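Listed below are the residues making up each chain.
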Amino acid sequence: MTTASDLRSGKTYRDENFPVASWIIHPRHRALILAFYNFVRTADDIADHATLPAEEKLRYLDLMEAELLGNGDTQKEAVNLRRAFAERSMPPRHALDVLVAFRLDVTKLRYENWDDVIDYCRYSAMPVGRFMLDVHGEDTSTWAASDALCAGLQINNHLQDCGKDYRNLNRVYLPRDALAAAGATVEMLGEAKSQPALLKCLQALAVRTEALLDQSKSLAAEVKDFRLGLEISVIQAFADKIVNMLKVRDPLSERVHLSPLELLLQSLGGVAGETARRATGRRAVSKSAAGA
């Protein structure tokens, strides 16, 4: 029998746009975080599989959910996460939420407006941040800033991969109304280089994403766990760097991903900045809060 593991793309936590269970995070949390990551990555790869029929994708996603909830032991990623949750007496709600997003990936290929995209992020990205906060015992008051950061990361990824998503999956996360306002069409995503109208749309969405990321800049200061605060600062630095690329570059024809050197520099900058902020007691403020 083919298992969900057999449908993995080969992508691992080392290939993501953000650190996953990095050396910054306390070792006691890493096994649970990696179990959560492997479950989410497997479900994501099922939804994005190039040849698997839609009904089979949904069947596998349903199977992952059933086994996460204790009904069966054939899918190792679901079983491992179920056991990891049980060890920490944590409910599976955030993992169940991301499955909603992956089912949408199978059944929904177009998004009407920004609110429609944010609603998708409510299931695809925000539960990941909330999970991390719960793992570290943080207060739910931190969820608002976390939701903004996670949505920003998700939309960055949508913009980075817009051409590939369209060509390989006929999936378009760019809102229809944003395309129309710029005079662009979905079919332009299939070209080797963005036409001016499409580039205008993409860069306008990047500017809007930058404003979303600005709402998350207080998060590192809001969390109590020092290591988690450092990790958040690094992730914020990655997100900010990527959105700045997207504001001026064409994701169809130019590099909009961080190089290894850029990843290192942003990591060091994020760690140094948050360490200094905590040492001096300064609070992180957004551009809007600072009057920018």
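Calculation rules
Residues numbered from 1 in each chain as written. Predicted model: local features only at pLDDT ≥ 70, side-chain atom pairs only at ≥ 80, totals over all residues. Heavy atoms only, no water. Axes fitted to C-alpha atoms, helices over the stretch in contact; angles between N-to-C directions. Helix = DSSP H or I, 4+ residues; strand = E, 2+ residues; numbered from the N terminus. Contact = heavy atoms within 4.5 Å. Nonpolar A, V, L, I, M, F, W, Y, C, P; charged D, E, K, R; others polar. Left-handed = near helix turned anticlockwise from the far one by under 90°. Buried < 20%, exposed > 50% of the residue type's maximum accessible area, 1.4 Å probe, protein only.

Trainee: So what's going on with the packing of helix α5 (residues 114–124) against helix α6 (residues 126–135)? Residues and values would help.
Mentor: Packing of α5 against α6 leaves a shortest axis separation of 4 Å and a crossing angle of 35 degrees. Contact residues: α5 offers I118, C121, R122, Y123 and S124, while α6 offers M126, P127 and V128. Within the contact of α5 with α6, the residues separate by chemical class into six nonpolar, one polar and one charged.

Trainee: A description of the packing of helix α1 (residues 27–47) against helix α3 (residues 76–88) should follow, citing residues and the corresponding values.
Mentor: Contact pair α1 / α3: the axes reach a minimum separation of 9 Å and the direction vectors enclose 145 degrees. Crossing of α1 over α3 shows left-handed handedness. Of α3, the residues touching α1 (which contributes R28, H29, L32, A35, F36, N38, F39 and T42) are E77, A78, N80, L81, A84, F85 and R88. The residue inventory of the contact of α1 with α3, partitioned by class, reads eight nonpolar, four polar and three charged.

Trainee: Residue-level account of the environment of T142, with values.
Mentor: Topologically, T142 is positioned in the loop between α6 and α7 (143–160). Classification of T142 as buried rests on a relative accessible area of 2%. Along the primary structure T142 and S216 are separated by 74 residues, whereas in three dimensions their C-alpha atoms are 9.7 Å apart. In this structure, T142 is in contact with L133, L219, E222 and V223, ignoring residues within four places of it in sequence.

Trainee: Describe in detail the environment of A35, supporting the description with residues and values.
Mentor: With respect to the secondary-structure elements, A35 resides in helix α1. A relative accessible area of 13% means that A35 is categorised as buried. When the C-alpha positions of A35 and R83 are compared, they lie 9.3 Å apart, and in sequence the two are 48 residues distant. Apart from residues no more than four positions distant in its own chain, A35 is found in contact with N80, L81 and A84.

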